[in-house]
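# Residue-level structural notes
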Amino acid sequence: MVKPAKTSLWALALALPLLAAGVAALKPRAQPQSVPDTFWADRRAAARIEARLTHPEADRYRSRAPAGGCPVPTEPMPLGPLARMEAREDWGGIAAAYALEGEWSQAASFLERLPASPERDSDLAAVALAKGDHERALRLLDAALTAKPGLTQALWNRALVFREMGLTLRASELFEEVAKRNEQGWGREAHAQALSLRESTLERQRQWKAARDATMALVQDPKAPLPMDAARQLPGAVRGVFYDAVRTAASKERALSLLPLAKELDRLQGGSVLTDYVQRVSKRDFSRRAELARQYAEALRAGQGVPETLLDRARVSGDDDIYLGALLRSRNGSLTRLQDMVARIGRMGDPWFTYIAERDQARQEVVEGSWWKAEQRLFNALQRCRETTLSVRCLDLERRLTIFYTDLQRLTEAEQHARVLWAGARQLREWDTEFSVLEILSHVARSRNDLGSARAYLEEWSARGATRSCSWPHVQLAHLYYLDLRPDAARRELEVADACADNPMELVFGATVAELSRFGSGPRDAQWLKTVTTRALEGDAIPESDRIYTHYLEGRFLLDQDRAGGEALLKRAIADAEALPRGDVLGRETWALSYSSLAADAGRAGEFPKVVALMAAQLGTPVPSRCALAASIHAERTTLVALGPKGEVKGYYDGSRREPFARTDSSRLVPEPLRQTLAGCERVDVFAWTPLFGRTDLLPPEMAWSFRLGRAQGPRPTPASMSTRRLVVAGVDAPSLLQLPRLPSWTPEAEPGAAPPDVLSGADATPSRVLERMADATEIEIHAHGITDPSISGASLVVLSPEVNGRYALTADVVREQRLTGAPTVFLAACSAGRTASLQSTEPFSLPAAFIDSGARAVLASTVDIPDAAGRFFDGVRRGIHAGKPAAIALRDERQAWLARDARAAWTRFVLLVERAD
């Protein structure tokens, strides 16, 4: 039995085994006593849960009445019926009984005893929903409904999940689907839920649109009434348009007619900024301003960019408000104009525009590569904004921070800000902002490999977007279904997208078609792909990376039909992509995908030595001859090749996976025959690309192994030819905005005969000083905080002490640009510092990979959070290397010693070793 969670059930925990044994002894199991009807009637009458359960008795409808906010204590369940259910192993009945009481942990423990089924998944989803785990709930419900579309309980529970996520229009649609099944009681309640959700959601839309239209009418019609009620309901939406109404006022009288609205907005949001603005404008010379106002109004009505002539005239005339409005709509975002805009906003003293200036300056800092400045600027601006009543402007800053963190793949922070933004947009009834947040949330969820949530956000977007893009959500959904290995659903979405009049047939459409080819080609696939590649190359200034990517798409599509033709195109894409700058994102993606496609194809053909050669070429390493494992996953096709101690080759290919690799346990990926092939090796070199690079459980912890990576950079100095120089970074002063606890100080012990280490700590441990001191170090130790997304393998950064300009992070892209002449061994004693970006299409992007690229001999780092004792562990590995052990053996031996001493040292299994292949 599982221990009950509440004190009132302790007696049950003690009594059930005895009762069960007694029942089993006195009565044959073949003739179990039936459960009294009053048991389920009592349970349903006492239940207050909204989720539906698949147990027939537990799912009988009963109306729910609110408890008035007063907690109602749970009554103990009768022991006899539970004992009888346990005696006949009716785990589903016991789980349902606990679930009706809201004892979700107990319910889950009994559900886990049941064999897999759509019904069990639906009930487990109810548990996940109760615990707020929407990601797991959606994954379970999607699986249940895919296997059994008629499972009404799963459909109801999915509607609940959508409702709790704020995806109310799609939730309404799902409830209506339940209502159409006309179940007694449930159908009526489902219809009521659908109606309530739809009306409350569309009322937000109506209010926002009415407020915006009423204020825009002031721009179009001088006789339009002032939207005073709208200003009281949605002051942010009205204020955003109010400035344009003043800019388009063609006379003093027209400007002053807007004064009551200005005063009302000032009353609602504090200060007298708008009142002062209207009065200031009314004193302008309208013999000159009127024409500027008219031209500005025409540009607004046309919905196009502002003419350069208007910008020049407004700047010269001194009508700063019209100039600023035109500047904000200008398509020429030069640095000079940004500086001009910031200066003028500073003189205005209007916080509405102050936050715009902060936003745009942050965007420029990101372009210049000073992302840490942008982060600090946006963070500080948001903190100040939250202290004011300009809530809509705060939403804009939240949005910028969300996009900022998403671009950096710091997905924990991105999701936090996106959720705040989503809640704020709904609370403030900013309908248009809700649309943009749904796109952002879907992108973040996909980056986290939470495909169910990513689809959910797109489904809500579609439910709201009848007047917006037809094809866009369907193309995105098709790609998500492909990633989730649901090719039939992906193809259905492509068909819907193709039927849309606005379908641009962009590259993501073509990528989905090309990858679906491995499940079998559809009758229109070839034509679709031809249309995509043709349109991608239309126009005068086609980026070279787009052209190369089309070769990949064509080659990937052909590979399953015309192998020679597909290989030729993929090899051409690789050669052309290698000529592009390394910073070309699409070029590197094309290069990586082409290599991975060729490796998977060679594995499918059983050409395993060819797989090893391709993996070595992709990683920039010499081709191994013994004691190596080549591992590749592309589009969920697994290819593994083991080279034994005598060079014997054992290969494995699996193209049947139907679950995304991100959800699987990679510790069971390498089959036992391949492990046996490697068993005689003293140590094993692993050649792997993302998403396998960085997986520390590919081989067992008792085996000495490391990832190999490297690109030729000329002769490397040997330890004998140079003096040893040890750099230790510890005692870092993390910036306050990150709210990180201070780490214990780390004092390296002196070693006999060795020079004292070069220690950087406190305020001295800044990124610039650390990078400078690393240049000729032969050993580098960094004891600091690491930041990454704990829910996926997102590339990490190490937090150092901030520079004067605010820069605090040691990131992979910065390290990669350095030249480490001392060929150091690097010890990253920072939480999750070894995490690698998990996207299939990218090259290994992590701090260890970056250090290897810049010249390090070997890098050790943890891929999980580590305790304070980790410094001693890394020091033990370091001493083992000094004693002459190869790094992989030193790591294996130290890990085994720690595991033998303390079961809590399981984190040592997740220490990554990457070595350069010379």
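Residues numbered from 1 in each chain as written. Predicted model: local features only at pLDDT ≥ 70, side-chain atom pairs only at ≥ 80, totals over all residues. Heavy atoms only, no water.

## Quick word on the overall build of the chain
Helix and strand counts for the chain come out as 39 helices and 13 strands. Pairs at least 24 residues apart make up 68% of the contacts formed inside the chain by residues separated by at least 6 positions. For the chain, the exposed surface amounts to about 38700 Å²; the carbon and sulfur share of it is 52%. (Helix = DSSP H or I, 4+ residues; strand = E, 2+ residues; numbered from the N terminus. Contact = heavy atoms within 4.5 Å. Areas by Shrake-Rupley, 256 points an atom, 1.4 Å probe, with all protein chains shown as cover.)

## A few points about helix H20 (residues 351-367)
End to end, H20 covers 25 Å across 17 residues, agreeing with the expected 24 Å (1.5 Å per residue, within 8%). What H20 keeps buried is the set Trp352, Phe353, Tyr355, Ile356, Ala357, Glu358, Arg359, Asp360, Ala362, Gln364 and Glu365. For H20, the capping residue at the N-terminal end is Asp350, with a side-chain oxygen 2.9 Å from the backbone nitrogen of Trp352. (Expected span 1.5 Å × (residues − 1). Buried < 20%, exposed > 50% of the residue type's maximum accessible area, 1.4 Å probe, protein only. Polar contact = N/O pair within 3.5 Å; in protein donor to acceptor, adjacent residues only side chain to side chain.)

## Re the packing of aromatic side chains
Both the distance between ring centres and the angle between the ring planes are used here to describe each pair of aromatic rings. Applying the stated criterion across every chain yields a total of 27 aromatic pairs. With a centroid separation of 6.2 Å and an interplanar angle of 35°, the aromatic rings of Tyr243 and Trp352 are classed as tilted. Note that Tyr243 is positioned in helix H12 (residues 235-247) and Trp352 in helix H20, a separation of 109 residues in sequence. Trp352 matches Tyr243 in its accessibility class, with the two residues each being buried. For the ring pair Trp371 and Phe404, a centre distance of 6.4 Å and an interplane angle of 45° mean the geometry is tilted. Within this pair, whereas Trp371 is found in helix H21 (residues 371-385), its partner Phe404 is found in helix H22 (residues 391-407), the two being separated by 33 residues in sequence. (Phe/Tyr/Trp six-rings, centres within 6.5 Å; stacked < 30°, edge-to-face > 60°.)

## Remarks on the environment of Arg363
Of note, Arg363 is situated in helix H20. Considered as a pair, Arg363 and Leu378 are 15 residues apart in the sequence and their alpha carbons are 9.6 Å apart.

## Thoughts on the pattern of salt bridges
Applying the stated criterion across every chain yields a total of 82 salt bridges. For Asp59, the salt bridge goes to Arg52, with nearest N and O atoms at 2.9 Å. Of the two residues examined, Asp59 and Arg52, each falls in the buried class. Across the pair Glu398 and Arg386 runs a salt bridge whose closest N-O atoms are separated by 2.5 Å. Of this pair, Glu398 sits in helix H22 while Arg386 sits in the loop between H21 and H22, placing them 12 residues apart in sequence. Note on Glu398: relative accessible area 3%, which makes it buried. Connected via shared salt-bridge partners are Glu515, Arg556, Asp560, Arg563, Glu567, Asp601, Arg604, Glu607 and Lys610. (Salt bridge = Lys/Arg side-chain N within 4 Å of Asp/Glu carboxyl O.)

## A short note on the packing of H22 against helix H24 (residues 431-447)
Taken N-terminus to C-terminus, the directions of H22 and H24 make an angle of 20°; their axes are 11 Å apart at the nearest point. In terms of their interaxial angle, H22 and H24 are classed as roughly parallel. Crossing of H22 against H24: the hand is left-handed. On H24, the residues touching Arg399, Thr402, Ile403 and Thr406 of H22 are Ser436, Ile440, His443 and Val444. Residues that form the contact of H22 with H24 fall into these classes: 3 nonpolar, 4 polar and 1 charged. (Axes fitted to C-alpha atoms, helices over the stretch in contact; angles between N-to-C directions. Parallel < 35°, antiparallel > 145°, perpendicular 65-115°, else oblique. Left-handed = near helix turned anticlockwise from the far one by under 90°. Nonpolar A, V, L, I, M, F, W, Y, C, P; charged D, E, K, R; others polar.)

## A few points about the pairing of strand E4 (residues 684-688)
Strand residues, when the strand is regular, have side chains that alternate between the two faces of the sheet. Most of E4 sits inside the fold, with 5 of its 5 residues counted as buried. Residues Val684, Val686 and Ala688 line one face of E4 and the alternating positions Asp685 and Phe687 line the opposite face, and both faces are buried. Where strand E1 (residues 628-634) meets E4, 4 bridges bridge the pair, whose relative direction is parallel. Its bridge partner being in E4, Ala628 is matched across the sheet by Asp685. Across 3 bridges, the pairing between E4 and strand E5 (residues 705-709) is parallel. When the sheet's bridge partners are listed, Val686 is paired in E5 with Phe707. (Pairing = 2+ DSSP bridges.)

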